[in-house]
Amino acid sequence: MHRLVCVNCGQSYPSQEIVYQCRRCQHLLAVEYSLDEIQIETDLWNSRPLSVWRYRELLPVKGEPVTLREGGTPLYHLSRLGKEMGIRSLYAKHEGMNPSGSFKDRGMTVGVSMALELGKRTVACASTGNTSASLAVYAAKAGLHAVVLLPAGKVALGKVAQALIHGAEAIAIRGNFDEALEMVQELCRSHGLYLLNSINPYRLEGQKTIGFEVIDQLKGAPDRFVLPVGNAGNISAIFKGLMELKALDLVDRIPMMTGIQAKGSQPVVRAIKGGMDTVVPEQKPETVATAIRIGAPVNAEKALVAIRSTGGTAEAVTDAEILAMQRELARKEGIGVEPASAASVAGVKKLVENGVIDRDECIVCVVTGHLLKDPETVIGQCKPPTEIDADISSLVSALRL
Ligand code: F0G
């Protein structure tokens, strides 16, 4: 049993109602379960494969979900990078290993399953890329029509390719993500499409399983979660899930939620550092990490609570720091991630150097998307292959053996 509850005024809505924001005060909604009625058998959870659906008792879907086996992603110990930074327990949860190559699949398996349960035939989102790729994939699996709005010229190549091949109707907006999100919300209101951006509280339910999996993988909670922040949905989702585990006595403490943004697009960082109650939107967000090129994060209200109430923090990193960490992860750990994802580890490096993060902490960075999402940015920073004639002496001299 669950319902939708406004995080501001507490107004509640039945689970079958299609509503994305409180009708009374326009604030965000969250899915609320009657936790005292839920029986969680951890043995039952442990008997299922590590995946989103291991935790189905804490998810809103009643029937068979639309699934491509999302979740169950590896948690890698960053031994080399950790040693360089002086942190023994530094981990990366590689969400790029999901079916469409990003953490969005966790949200979409739940969100698209709910679209079916609610009788919707067309689903829609605005996206910096990954949400659109994931929505296209899950809509294809469910046999639904997907409409995706993308900021023209600002979406990484691999993500556009995915949205197109999986059959989404892709529209490029001459504007930024924030404008595209306004438009898709208006479209869904006026034309009854089902909105699957992270303002939809069901999406976040799937994403909270990142935290559940990490706790199962580490056999306990880390001291800190570090995430790249764009629309601020994922950090809010993980926090919500942890609070549910705490209420159910399945975890003894809540990790410090830490958000990393790009220097050119850091409204949440400004709000945290400035002690502000609300986030002031940035009009012209800019960063090489196009996934998090977002000036007006819709879930900021939830994220500020997540960060502040856990004693976490927020920090900004430059594009150069992001790209340097993308290369370090690739070359020193064998982990290929897109720029936004590298921001989380780059943020840890900076926070450790500044003395904000203690080196004794157990830290889990969520690396959110796969390297192949954005091949152009990769090629742009690497020396191209050396081209030679097809003979062995050219090969030997090219290799300077
Ligand atoms: N990392 C990647 C790779 C992303 O694609 C996103 C968001 C984030 C981090 C930030 O997560 O928005 O929950 O704070 N991408 C969205 C999209 C906005 O449209 O694909 P968030």
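Note that the structure is a prediction, hence the values are computed from the model and not measured. Throughout, a residue's number is its position along its own chain's written sequence, starting from 1. This being a predicted model, a pLDDT of at least 70 is required before a residue's local features are given, and a value of 80 or more before pairs of side-chain atoms are given or counted; all residues contribute to the totals for chains, interfaces and linings. Only hydrogens and water are removed before side-chain values are computed, so all heavy atoms of the structure are retained for them.

Section: the domain arrangement of the protein
Domain start and end points were adopted from an automatic or database domain assignment. When cut into domains, the protein gives domain 1 (75-101 + 203-380) and domain 2 (103-200). Computed over C-alpha atoms only, the centres of domain 1 and domain 2 are separated by 23 Å. In this description, contact between two residues means that some pair of their heavy atoms is separated by no more than 4.5 Å. Contact residues are listed per partner, giving 35 residues for domain 1 and 29 residues for domain 2. Put simply, buried area is the surface a 1.4 Å probe can reach on two separate parts but cannot reach once they are joined, added for both. Counting each side, the surface lost to burial between domain 1 and domain 2 is near 2700 Å², with a carbon and sulfur contribution of 49%. For the domain 1 face of the interface with domain 2, the top three residues by lost area are Ser100, Arg203 and Lys373, together amounting to 31%.

A short note on the site of the ligand
We call a residue near a molecule or strand as soon as one heavy atom of that residue lies within 4 Å of the molecule or strand. Around the ligand, the structure places 20 residues, and the nearest of them are Ser127, Asn130, Asn231, Ala232 and Thr368. In the environment of the ligand, an oxygen atom lies 2.7 Å from a nitrogen or oxygen atom belonging to the backbone of Asn231. Throughout this description, a polar contact denotes any pair of N or O atoms lying within 3.5 Å of each other; where both atoms belong to protein, one of them has to be capable of donating a hydrogen while the other can accept it, and for residues adjacent in sequence the pair is counted only when both atoms sit in side chains. Measuring from an oxygen atom of the ligand, one finds a backbone N or O atom of Asn234 at 2.8 Å. Each helix is a run of DSSP H or I of at least 4 residues and each strand a run of E of at least 2, with the numbering of both proceeding from the N terminus. Broken down by secondary-structure element, the contributors of at least two residues to the shell around the ligand are α4 (130-142) and α9 (233-247). Across the shell around the ligand, the residue classes break down as 8 nonpolar, 10 polar and 2 charged. For this classification, Asp, Glu, Lys and Arg are treated as charged, while Ala, Val, Leu, Ile, Met, Phe, Trp, Tyr, Cys and Pro are nonpolar and the rest, including Gly, are polar.

Regarding the sheet that holds strand β2 (residues 12-14)
Overall, antiparallel pairing links the 3 strands, which are arranged β2-β1-β3 in an open sheet. One side of each edge strand has no neighbouring strand; the edge strands of this open sheet are β2 and β3 (29-33). If you compare each strand with its neighbour and ignore which way they point, the axes differ by 35° on average. Whether two strands pair depends on DSSP finding at least two bridges between them. Here strand β1 (residues 2-6) pairs with β2 via 3 bridges, running antiparallel. Looking at β2, one finds that Leu4 is bridged to Tyr13. Helix axes are fitted only over the stretch in contact, all axes being lines through C-alpha atoms; the angle between N-to-C directions runs from 0 to 180 degrees.

Focus on the pairing of strand β11 (residues 256-262)
In terms of burial, β11 is a largely internal element, 6 of the 7 residues being buried. Where strand β10 (residues 224-228) and β11 come together, 5 bridges link them in parallel fashion. Of the residues in β11, the one forming a bridge with Phe225 is Met257. We call a crossover right-handed when, viewed with both strands directed away from the observer, the connection leading from the first strand over the helix to the second proceeds clockwise. Taken together, β10, α9 and β11 form a β-α-β motif whose crossover is right-handed. Sheet analysis places β11 next to strand β12 (residues 314-317), joined by 4 bridges and oriented parallel. By the bridge assignment, Ile260 is partnered in β12 with Glu315. Using a 1.4 Å probe on the protein chains alone, a residue whose accessible area is under 20% of its type maximum counts as buried, one over 50% counts as exposed, and one in between counts as partly exposed.

Side note on the side chain of Glu213
Inspection of the secondary structure puts Glu213 in helix α8 (residues 209-218). The class of Glu213 is buried, set by a relative accessible area of 0%. A polar contact of 2.7 Å, which involves the side chain of Glu213, links it to the side chain of Lys93.

With respect to the nonpolar core
Ranked by internal contacts, the top residues of the largest apolar core, which has 93 residues, are Val123, Leu135, Tyr194, Phe225 and Met257. With 6 residues, the top contributor of residues to this core is α4. Each of domain 1 (75-101 + 203-380) and domain 2 (103-200) contributes no fewer than three residues to this core. Discounting chain neighbours no more than four positions away, the residues touching Leu135 are Met108, Val112, Val123, Ala124, Cys125, Ala146, Val147, Val148 and Leu196. The term nonpolar core refers to a set of buried residues drawn from Ala, Val, Leu, Ile, Met, Phe, Trp, Tyr and Cys, joined through side-chain atoms within 4.5 Å. Membership of the second largest hydrophobic core comes to 30 residues, among which are Val337, Ala342, Val345 and Val367.

Here we look at the packing of α9 against helix α11 (residues 300-309)
Interaxial distance between α9 and α11 falls to 8 Å at its minimum, and their mutual angle equals 55°. Viewed along their axes, α9 and α11 adopt a mutual orientation that is oblique. Considering how the two elements wind past one another, α9 and α11 form a crossing that is left-handed. Residues Ile235, Ser236 and Phe239 of α9 touch α11, and the partners they reach there are Lys302, Ala303, Val305, Ala306, Ile307 and Ser309. Per-class residue counts for the contact of α9 with α11 are 6 nonpolar, 2 polar and 1 charged. The labels follow the angle: roughly parallel below 35 degrees, roughly antiparallel above 145, roughly perpendicular from 65 to 115, and oblique for the rest. Definitions for this section: a left-handed crossing has its near helix turned counterclockwise from the far helix by less than a right angle. A right-handed crossing has that turn clockwise.

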